[in-house]
Each structure stands twice: as C-alpha cells, then as structure tokens.
Amino acid sequence: MTTSYIGKPISRVDGRAKVTGEAKYAAEYHVPDLAYGWIVSSAIARGKILAIDAEEALRLPGVLHVFTHKDTEHLALSSRDFSDEVAPPGSPFRPLDGDEVLYNMQPVALVVADSLELARYAASLIRVEYDLEPHATDLEAERAKAYLPRPRRGLPPPPPPRGDVQKALAESAVRHEGEYRAPTEHQNPMELFATTVIRDEGGGLIVYDKTQGVQNVQNYLCGIFGCSKDDLRVVSPFVGGGFGSGLRPQHQVFLAVLAARELKRSVRVAMTRQQMFSLTHRPATWQKVVLGAASDGRLLAVTHDAISETSRFEDYSEPVVHWSGHLYRCDNGEFSHGVVPLDVYSPGDMRAPGATWGMYALECAMDELAVGAGIDPLELRLKNYSDWDRNADKQFSSKELRACYQQAAERFGWAARKPEPRSMRDGNSLIGWGMATGIWEAFQMKAGARALLTADGRLTVSSAASDIGPGTYTAMTQIAADTLGLPIEKVTFKLGDSSFPKSPVEGGSWTTSSNGSAVKAACEKIREKLFESARAISGSPLAGVGLGDVTFTEGQIRVSGDRTRAVSLIDAMRNGGVTAIEEEASPALSRKQNSYSRFSHSAIFAEVRIDQDLGTIQVPRVVSAIAGGRIINPKTARSQVSGGIVWGIGMALHEESVMDHAFGRFMNHNLVDYHVPVNADVHDIEVIFVEERDDIVNPLGVKGLGEIGIVGVGAAIANAVFHATGKRIRDLPITLDKLM
Amino acid sequence: MNNKPKTETVVAATASLPPEVRIVLKVNGAVKQIEVAPWTTLLDALREHLGLTGTKKGCDHGQCGACTVLVNGRRINSCMTLAVMQDGAEITTIEGLAEGDVLHPMQEAFVEHDAFQCGYCTPGQICSAVGLIEEGRAKSPSEIRELMSGNICRCGAYTGIVAAVRQVMGTKKEGGGQ
C-alpha cells in the first residue's frame, strides 16, 4: 500500500464540524413536540422505596407522566436480562425495576413534561419515602470481606504463582514492601449522559445516545423491550468523551426509550453532572507490592496483591496485578486480586482500567527498591528488562521499550539527575525528577466495514464504530484513502449508526486495529474488483501484470514504477459496466497473533516543582516515549497521548471521588470539588513515538494509543515528588496536605 | 424548537407556575423573540428554544465553561445567567464566529493545532479564547493558561489550546502594528 496519508499529520476530517458547533451530540436533536424527562435520584444508599408521591408534580399542566417502579410491573418487558457485551459477571442493574435501592442516587423516578424547565421543576416536587437499611461504602473497613471475583469475559485471572517467593525473599539483599491506596475516580466526560429518542408515527425509534457502542446499546434495548432491530436504530455520530463511561448502556437510555414507547412521544433525557457520579467509576483499590532483589538490583521475587471495590450485584474486576508478572524478568512471583462488595453502582472500565492503578503501585515500588539498592531507577528497569512474557510464556510481537527509555531519558536530560532526595532546588522550590514505565495490551477484535465506490470517484466507508475523541473518523479515512489511492477529499467515513457493519464498542485501544483492519480489508476487495476490470479492458496497459505489481495512487491503477502504464479507477468501473462497487469485509483475526504477546509500552519522565513552604505541586514538564506500533496520524496520536498524560497528572495530584460514608454518597459530585486538571495545571508535554514495526499484531501494524498515554504517569510524578521532598506518599492523589 | 403551551393558558390553569416571559435576544446578528420561563437559563434558551446547540452543557453550574458565549462582547457562562436577564443583549455563539464558509482565525487555529479531541468543550473554549483576546489581559503562555482555566477540557487538549490562542494572539498583534 502506498502511503500518501498514513503516517502524516492530517488535521481532523471532522475538525470543521467541531469548531463551528455543527457536530451534533446526543441531546441536540430536535423535533416538534419533543418531551423532556428528568431523572429523580434516590436519597439513600440502601433500602426500600415505601412510597413515591408524585401528585403535586402531576398537577402541573404540561407534566405528562411520572414513571416509577410501579410502571414497569405490567410492562411485560420481553426479557429480564439487562446484560450487555461489556457487563461483568453478575446481575446487571435494572432501572425502575422493583422497590430496592442498591446505591445512592439510583434513579427512582422519571418525570416527563412538555418542557425541560417544567420537567426539572416537577422533579423537585416528587417525594420519596424510604425504609432505610444500613449500607457499607468504605473499602478500607470492608477489606477483610474480599473474595475472588467471578472471571470476567476476556480477562484472564492473575498469573499463577511461580518459583518460591519466600525463599527468594529470604535470599534478597534488598527488599521493599509497600501498601498503595488509590481512590474512586469518575470518568467525567464533558458531555452529560443524554438520549434523544425520535419516534416516528409507526412507532419506530431512532435513539440518539451518548455511547461508545451503538450496537451494544441496540442489542440491550431490543433485548429488554422485545423489539426488532428494524424498529430501533441507535445513532451516535459524535460523542463528547467517554473514557469508559459509555461502554455500557447507562440508565438514561432505558428511561428515554421507556418513556417514548409508553407516551408515544419523542423524548429527551439528560443527566445532571451530579447524577453522573452515580454511574460507573474507577474502583477504589488497595494494593500491596513486595519486591526482593540481589544487591546488584536483579529482581528475585515479586508479589502483587490488590483488593478493589465492586457493587453488590456484579463482580467487576480489572487487570491490576497482571503487569507485575511480565514487565520485569523475575523467577519467583505471587499475584492475587480480590473484590469487596459495597453499596455502590458497579465500577467499570476507565481509561487503562487496571493498568492505571497496578502500574502506579508497581512503578512506585520499583522506585523504592532503586532507592533501597542505591541504583538509578532507570538502570534498575534496564537491568530487569524482559524479552519474554512470563505470564503467557510467549515472545512479544514487538517491544521497543528499550528505545523508549533511551530516547525519553535523553530528551528529558535524566543523566543530570542528582540521586539524593531534596538535592535539586530552584529558589524556594524543591525540584524532583521521577520516571516510570507504561504498558498496555494491544488488542484486535472482530469488526466489519462496508466500502462503496461510486463512478464519480467518491468512496464512502462505514462501520458501527464510535469516535469518542481519538480521531477515528480521520484515521479510518486515511486508511481507506491510501488503500485505494484516492485523494482524501474523495473519501468519507461514517460511524455511530447501529445499521452499519458490526463493530465492537470503542474501548481497550482497539478501534484502529479492529475497525481499521476491516476498512482496509473492505477497500482491498474493491481493489481486486477494480484491478480485474482494468485488466479486462481491451489492450489494457495492465495486461500481463498481477495485483501485486500495481499501485493504487492518484485515482489510478499503475504498474509500479511505470507511470505510463495506468488505468483510472473510473475507466476500470466503466469497463466493468458498473456505476458503483460495494464490498463488505469482516476479516478473521490472524491465528499467528496467538503465538505472541502483544503490548504497547512507554517510558515516562516527569519533573515536579514543589513550593517548600506551601507544598503546592506543579508539573512543569513530562516527556513520554511511546512504542505503539505504526502511528497512523502523528497529529491526533500526539493529542491522544498528551491527553493521557494530563489524566496522569490528574490521577497523581487531583482526582478523587470523596465518599461520605455516613450517607454513602459521593460528596464532591461536581466539577469544582472533583478536581480534574485545568489549563493552568498543564505545562510542557513532549511525546516521542519510537519506531516500532510489528507485522503480527494486525494487518496495519498499529497497537492503539487510547490507554498507554496515562499508564505510568502517576508513578513517574509520585516518584518525582519523593525525589523532591524525600516523602513517599502512597495514597493518591498527592495533595499538598499530605506533604506538610 | 418546542411547541410550548401559551403563557396565558398556563396562568389560567394554575397559579403554581409563573407566566412565561417574552424576551428579545440579538443572537449572531439576528433578532430573536422567544417566550421563556422566568427560570430558563440563557444556555437552555439557546439550546432548547433557539436550536443553537453549538453551545454545550457540561455541568449547568458554571464549573466547566462548555457553555461559554459572548454577551455584549464579554465571555460568560451562559448556564449562570437567566435568559430574562439578557433581554435585549447581543449574543455571539460558536455558530456566529465564522463568516459564511470562512472560519474565524481562532477556529482555524484550533483545527491546525488539534486543540480538541471529542469536541464537546470546543465551542466554549473558542468563545472563551476570543473573549480573552478582546480583554487583552493575557500576554504570556502562563497568563493564557491561567485565564483559560475556566474552560475544562477532559480530553486534555490544553497544550494545543494554548498554542492556538498564542497563534491568533500573535497574528492580531502583527495586524495591529500595521
């Protein structure tokens, strides 16, 4: 494939729509007679609803109905299964199903009215009476109740023990043991969760939903309401951020469809920012890491145990401890992960689930071991570098982590670091330099794409993917344009429609590898057809050559290296007697992949500047080198990784969903009290993409970048804070009070 | 736009709902007359009554800046002001920045510097940045960062945002000197 576009820093193809306000998100579709729903949230964390008094609300003219659990009793929902393709094992939450309250701010009613203002006001008039039951929301207090979670689809259990850890620890010249605590965090995408259901006269529904997976939502809704996919289409061309929060259908989509079906109206339901804190979240997690090493720093033993929260109705778990089994070479290891059920909504995937917390603990522990052994932290990593995946007992498809360390260290100027804590100062500020490693798995899921080439030379490609911000529209357009050698202006990629070819949810950093491979395959089928037609032209300049001998470029099929022997795509179509060629592909995953472990890696170096008197922490610069396979678009890729680094700054210094255990409610459920990094918190960020060729990982050689950017950043900053202050803070976020 | 019940009907039916209020807003140069509840925010008036959904709702509490618009040339959070308080005001939203097909320099700069990902905070960022330059207070990158901190970007596109603002600021300065 010639690459006119792949690898080039193309500006986003949807950029214009986003900077002009033309890009429409879920809550932005209008029809006359649209009704508005407002969700009433429970005031308690656990108990039973005794009564819901909606009389006053219903007296207001324009209030259409107040849905409660009483309304779902006689609905005969065709399935009681509210599961979805991302659901962890257990019994999924069913909105308005029964009188039980399972977590604070659970939806207990939906007020529907003729206007937004009226629905919101009416919701304030609803009185709910509860029978309060004792709740438990404190992971620390409940830790002894941890059990092994039921295994989650696609997630192997922690690696089995190996070697003899006790013996190895006894023989270790240097040992480190540390407990690390990480709080609950919320994804907080900027767009509020919202659904607009547009109902046609025949009862057919178009569901505009904020989701990372239109087909996941469609399957969920059709399963619950027993309707056909022809009658319920889910559409989501623009998504205002997801970060995992939109992987599973959220309750507003169920409520909006319920109301639209029952009231036979088009309905919009949007959550408030406060209500979004009652959704999925990154689980509070306790970890313990024990490391033993020889005096030269060689790792002899590693143990990594984690206990995280889950809900009472599902076992959510994530890969927290797995990484410690293969990031470094070590013959003796033990790993475990338990979960504790609390009266909260089920936690879920949030950007780099598992790795974010696990690598924070492991990489802080490695830093502590380096200090103990008197070895430079980077040298310690290199000394224990692993070229073999001990967990899976496989070789890596590619691993350019050494180059990441080398290039990022050089750019950062790591060699100038003075090892002693508190040894680098600038006026009244303590300067600290820290580093860490990042890792994330490179997945490929089965996905489909359809490509349509018309006689005017325009190509339209579609797949039911999402673009929550990484630049899927742009990357897919580049791949399609290059595969058929078309100018990028002639190519349109469409996504976010459940009627398009099958796609997994957008998550796990797998969209480019999965959907991109499908786009390439569909366009390759068109190539074959075009080539056959072009060669069949009488006296064809392509006579006698094979598909492997030609290049598709500038709207032509050319014999490679011979500009004079060419047929235009349009002539090829004309000769074939067609005005359009349409092909669909859903490529099988290569079996060869299974013989290899496939991961992306990174090396992060961070500087902190801490005011000696006030303890305020700034991060003046971060350098991250990424080995993420082939980079389709360096411009959007850089943004994605840079955004991940901003998230790392947030996890290290700002983010924490603070639970008031007396009420079992997150008390800082807004964007003032839940701190996310703002512009003034972010300074110089440098992203380096290390050259990494990988022909095994998928046909495009890409590894995905959505998660890798954040992994390790929290540890690099925490390690820098130690270097600056001599204080080791083992519970996140590192706020100034902890340094006092 | 909604087919809302007439003000008079509402008043006749119950005393518990105050009457709707007729206001005039000059939005992106066009005079718009609408009837809104006394507690309708400017943000909801734009999004739900005028169909101008380019202005975004991210928190409805003045905490995120996604709803930033220019009112009489000043940047404000449109969720923090009632529509009735802006009766007669001149409002510029993201839809009013480009001139036909020609993007505003700030819009161009945002695309060029990839100063967004999901795009949801973007209209607010751009309106805020246009307002910032009008204010003339920010001179250095750190001042830009500080004075753009009312606009949260959860995708973390801040380095691109600062680069875009600096580019437009630089162009403006050069232009002013000629």
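Quick note: structure is the one above.
Description of the structure in this document.

Conventions adopted
Residues numbered from 1 in each chain as written. Chains lettered and ligands numbered in written order. Predicted model: local features only at pLDDT ≥ 70, side-chain atom pairs only at ≥ 80, totals over all residues. Helix = DSSP H or I, 4+ residues; strand = E, 2+ residues; numbered from the N terminus. Rg over C-alpha atoms; globule rule 2.2 N^0.38 Å. Contact = placed C-beta atoms within 7 Å. Buried ≥ 20, exposed ≤ 12 C-beta atoms within 10 Å, placed from the backbone. Nonpolar A, V, L, I, M, F, W, Y, C, P; charged D, E, K, R; others polar. Pairing = 2+ DSSP bridges. Axes fitted to C-alpha atoms, helices over the stretch in contact; angles between N-to-C directions. Left-handed = near helix turned anticlockwise from the far one by under 90°.

**Some words on the overall build of chain A**
Stage number 1. Assigned secondary structure in chain A consists of 17 helices and 31 strands.
Stage number 2. Computed over C-alpha atoms, the radius of gyration of chain A comes to 27 Å, within 12% of the 27 Å expected from 2.2 N^0.38 for 740 residues, which places it in the range of a compact globule.
Stage number 3. If one aligns the C-alpha atoms of chain A with their principal axes, the spans along those axes are about 80 × 75 × 50 Å.
Stage number 4. Within chain A, contacts between residues separated by at least 24 positions form 83% of all contacts whose residues are at least 6 apart in sequence.

**Description of the overall build of chain B**
Stage number 1. The helix and strand tally for chain B stands at six helices and five strands.
Stage number 2. Sequence-ordered secondary structure for chain B, helices as α and strands as β, is α-β-β-α-β-β-β-α-α-α-α.
Stage number 3. For chain B, the residues scored as buried account for 52% of the 178 residues in total.
Stage number 4. By sequence separation, contacts in chain B at least 24 residues apart represent 57% of the contacts at least 6 residues apart.

**Quick notes on the interface of chain B and chain A**
Stage number 1. Taken together, the 59 residues of chain B in the interface contact 55 residues of chain A.
Stage number 2. Taken together, the elements giving at least two residues each to the side of chain B that touches chain A come down to α1 (7–13), α2 (42–49), α3 (105–112), α4 (122–135), α5 (141–147) and α6 (158–177) of chain B.
Stage number 3. With five residues, the top contributor of residues to the side of chain B that touches chain A is α6(B).
Stage number 4. The residue inventory of the side of chain B that touches chain A, partitioned by class, reads 28 nonpolar, 20 polar and eleven charged.

**Focus on the sheet that holds strand β15 (residues 388–389) of chain A**
Residue and element names in this part refer to chain A.
Stage number 1. Judged by pairing direction, the sheet is mixed, and its three strands sit side by side in the order β15-β16-β26 without closing on themselves. The sheet terminates laterally at β15 and β26 (596–597), the two strands that pair on one side only.
Stage number 2. Across two bridges, the pairing between β15 and strand β16 (residues 394–396) is antiparallel. Of the residues in β16, the one forming a bridge with aspartate 389 is lysine 394.

**A word on the packing of helix α9 (residues 355–373) of chain A against helix α16 (residues 713–725) of chain A**
Residue and element names in this part refer to chain A.
Stage number 1. Where α9 meets α16, the closest approach of the two axes is 8 Å, and the angle between their N-to-C directions is 35 degrees. For the pair α9 and α16, the crossing hand works out as right-handed. Two secondary-structure elements touch here, α9 through Met359, Tyr360, Glu363, Cys364 and Asp367 and α16 through Gly714, Ala715, Ala718, Asn719 and Phe722.
Stage number 2. Of the residues in the contact of α9 with α16, the class split is six nonpolar, two polar and two charged.

**Regarding the sheet that holds strand β5 (residues 107–113) of chain A**
Pairing between sheet strands relies on hydrogen bonds along the backbone, with the strands arranged either parallel or antiparallel.
All names here are of chain A.
Stage number 1. An order of β3-β5-β1-β11-β8-β9-β10 is seen for the seven strands of this open sheet, with the pairing classed as mixed. Single-partner strands in this sheet number two, and they are β3 (63–67) and β10 (232–235). Each strand of the sheet is rotated relative to its neighbour by a mean of 20 degrees, with strand direction disregarded.
Stage number 2. As defined by bridge partners, β3 adjoins β5 across four bridges and the pair is classed as antiparallel. By the bridge assignment for β5, histidine 65 is matched with valine 112.
Stage number 3. Where helix α7 (residues 214–225) meets the sheet, its contacts fall on β9 (205–209) and β10, and the angle it forms with β10 comes to roughly 150 degrees.

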